Amino acid sequence: MNNEQFRLKKYKPIIGGKVREISQWEKIPADAREAVNVVSLVFPFRTNNYVVRELIDWENIPEDPIYQLTFPQRGMLGEDNFNAIRDLLRAGADKSEVDECVSRIRSELNPHPAGQLSHNVPIYHGTPLEGIQHKYRETVLFFPSRGQTCHAYCSYCFRWPQFIGKTQYKFKAKMSSRIVRYLKSDTGIRDVLMTGGDPMVMNSRGLSSCLEPLLDESLEHLRTIRIGTKSLAYWPYKYVTEPDADEVIRLFEKVVKSGRHLAIMAHFSHPAELKTDIVKEAIRRIRNTGAEIRMQAPLIRHINDKAENWRDLWTEGVRLGMVPYYMFIERDTGAREYFEIPLIRAHQIFTEAYKSVSGLARTVRGPSMSAFPGKVLVSGTAEIAGEKVFVLQFLQARDPDWVGRPFFARFDPSACWFDALRPAFGEDKFFFED
Ligand SMILES: *Cc1c(COP(=O)(O)O)cnc(C)c1O
Ligand code: SF4
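Please read all numbers here as calculations on a predicted model, not as lab measurements.

What to know about the packing of helix α9 (residues 204-211) against helix α11 (residues 245-257)
Here's step 1: Running from N to C, α9 and α11 point in directions that differ by 15°, and their axes come no closer than 9 Å. Considered as vectors, α9 and α11 are oriented roughly parallel to each other. For the crossing formed where α9 meets α11, the hand is right-handed. Contacts between α9 and α11 involve S204, L207, S208 and L211 from the former and E247, V248, L251 and V255 from the latter.
Here's step 2: Of the residues belonging to the contact of α9 with α11, the class tally is five nonpolar, two polar and one charged.

Observations regarding the site of ligand 1
Here's step 1: Taken together, the neighbourhood of ligand 1 is formed by K135, Y136, T139, L141, R226, Y325, Y326, K375 and Q396.
Here's step 2: Between ligand 1 and the protein, one listed contact pairs an oxygen atom with a side-chain N or O atom of R226 at 2.7 Å.
Here's step 3: At 2.7 Å from an oxygen atom of ligand 1 is found a side-chain nitrogen or oxygen belonging to K375.
Here's step 4: Burial of ligand 1 by the protein chains amounts to 88% of its free accessible area of 380 Å².
Here's step 5: Residue assignment for the shell around ligand 1 shows that the elements contributing at least two residues are β5 (132-136), β6 (139-142) and β11 (323-329).
Here's step 6: Considering only residue class, the shell around ligand 1 consists of four nonpolar, two polar and three charged.

Brief notes about the pairing of strand β7 (residues 191-194)
For a regular strand, the rule is simple: side chains alternate between the two faces of the sheet.
Here's step 1: Covered by surrounding structure in β7 are D191 and L193 together with V192 and M194, the residues of both alternating faces.
Here's step 2: Note: β6 against β7, four bridges, orientation parallel. The residue of β7 that forms the bridge with V140 is V192.
Here's step 3: Note: β7 against strand β8 (residues 224-229), four bridges, orientation parallel. Counted as the bridge partner of V192 is I225 from β8.
Here's step 4: Read from β7 through α9 to β8, the crossover connection turns out right-handed.

A few points about the pattern of salt bridges
Here's step 1: Taken as a whole and assessed by the stated rule, the structure comprises 17 salt bridges.
Here's step 2: E26 is the partner of R33 in a salt bridge, and the nearest nitrogen-oxygen pair spans 4.0 Å.
Here's step 3: Judged by relative accessible area, which is 21%, R33 ranks as partly exposed.
Here's step 4: Measuring nitrogen to oxygen at the nearest pair gives 3.5 Å for the salt bridge that ties E79 to R74.

Parameters and conventions
- Residues numbered from 1 in each chain as written.
- Chains lettered and ligands numbered in written order.
- Predicted model: local features only at pLDDT ≥ 70, side-chain atom pairs only at ≥ 80, totals over all residues.
- Heavy atoms only, no water.
- Axes fitted to C-alpha atoms, helices over the stretch in contact; angles between N-to-C directions.
- Helix = DSSP H or I, 4+ residues; strand = E, 2+ residues; numbered from the N terminus.
- Parallel < 35°, antiparallel > 145°, perpendicular 65-115°, else oblique.
- Left-handed = near helix turned anticlockwise from the far one by under 90°.
- Contact = heavy atoms within 4.5 Å.
- Nonpolar A, V, L, I, M, F, W, Y, C, P; charged D, E, K, R; others polar.
- Near = heavy atom within 4 Å.
- Polar contact = N/O pair within 3.5 Å; in protein donor to acceptor, adjacent residues only side chain to side chain.
- Areas by Shrake-Rupley, 256 points an atom, 1.4 Å probe, with all protein chains shown as cover.
- Buried < 20%, exposed > 50% of the residue type's maximum accessible area, 1.4 Å probe, protein only.
- Pairing = 2+ DSSP bridges.
- Right-handed = clockwise from strand over helix to strand, strands pointing away.
- Salt bridge = Lys/Arg side-chain N within 4 Å of Asp/Glu carboxyl O.

By themselves, these are just geometric observations and shouldn't be taken as functional.
Okay, structure coming up:
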């Protein structure tokens, strides 16, 4: 084990203007530095000393995938919007004037894709249950209030509105007795998925206050607890050298001992995130608790848009004992134009990677879109009755009966998201739109 790396154990977030204090700031070309200043006014920007020192290859700026992953890029704003803010900054405009421009731009960026605010929050005894979403029968998402930030922010994050301090964009909750009552009342719920932000920014006490109520005997029907997290990629010290790392590990053991499956849904975007000794040690410690680690990430232009990125991610992940799970399509929000990839290309990248790995890595499914009606898999293309079509199916759906039934959309080489697809064969709607 390389002790030099393990010594970097104090978590130092680098937010907004603080980035100028890092020694690598000077390595960023002047125009890219200006882009960081401008774009970080619209999108949340946060990185940390591990990402900066261990993951980014500073000889490869700005193309380096991990630099693209956490540093704001000029292309994330359209030309007009970028210039509008840049000109205000250059002219030394008032803060209020800049803020107004920033708010206008943000509201144009579809901050709530797939009806998240209005459609997935359950109504319980007449009032909405804050902080949870229940879209698919078996699985409830829980957004712990103290897990609504991340160790670093992904430039492509679809939850970006949560991080910009506007309360109306946030979901959050304590594991309240009301939520526990709701979970008790619906015995069809099998999984609770803690998500965020990143629940693993919480210390062991915060985590325990969310997890322990789920271990109650009255919640026998809960079989699986999942924790969605990017902490393994952004802050693996969480499980190894942080003061409460051992308590976190013991808490995981306790969940496993309760007879439940604990699944760490690890967001890994690029094989570079698996190269350090500390991440390997963190993976080893988590797996020793009996928890399983599954890997998932969206496919993103500039970051992981080559088949070999995924091949290496999955094969290295399997070698370290993890299970490849989902490859997602980038959602239709935020800086989508900079990050998006046509569905046809996404399918090619997926297939090329999938066929180059052994069966143990073919547990992965994708590319999948988390759209309003459900998770839609792009299975491929076909020619049926003389028409070229996309073959699609639901991996998850609001109505479970929709799952697994192939359906067809007109082939469109430029479509990047579900909303751009039209039913094939001259039909005016998809089967689930009735
Ligand atoms: C993806 C997702 C889930 C989990 O789906 P699985 O296929 O079981 O992994 C649950 N709820 C929502 C809203 C989701 O987007
Ligand atoms: S880890 Fe997830 S929630 Fe956090 S910034 Fe990245 S994509 Fe967003």
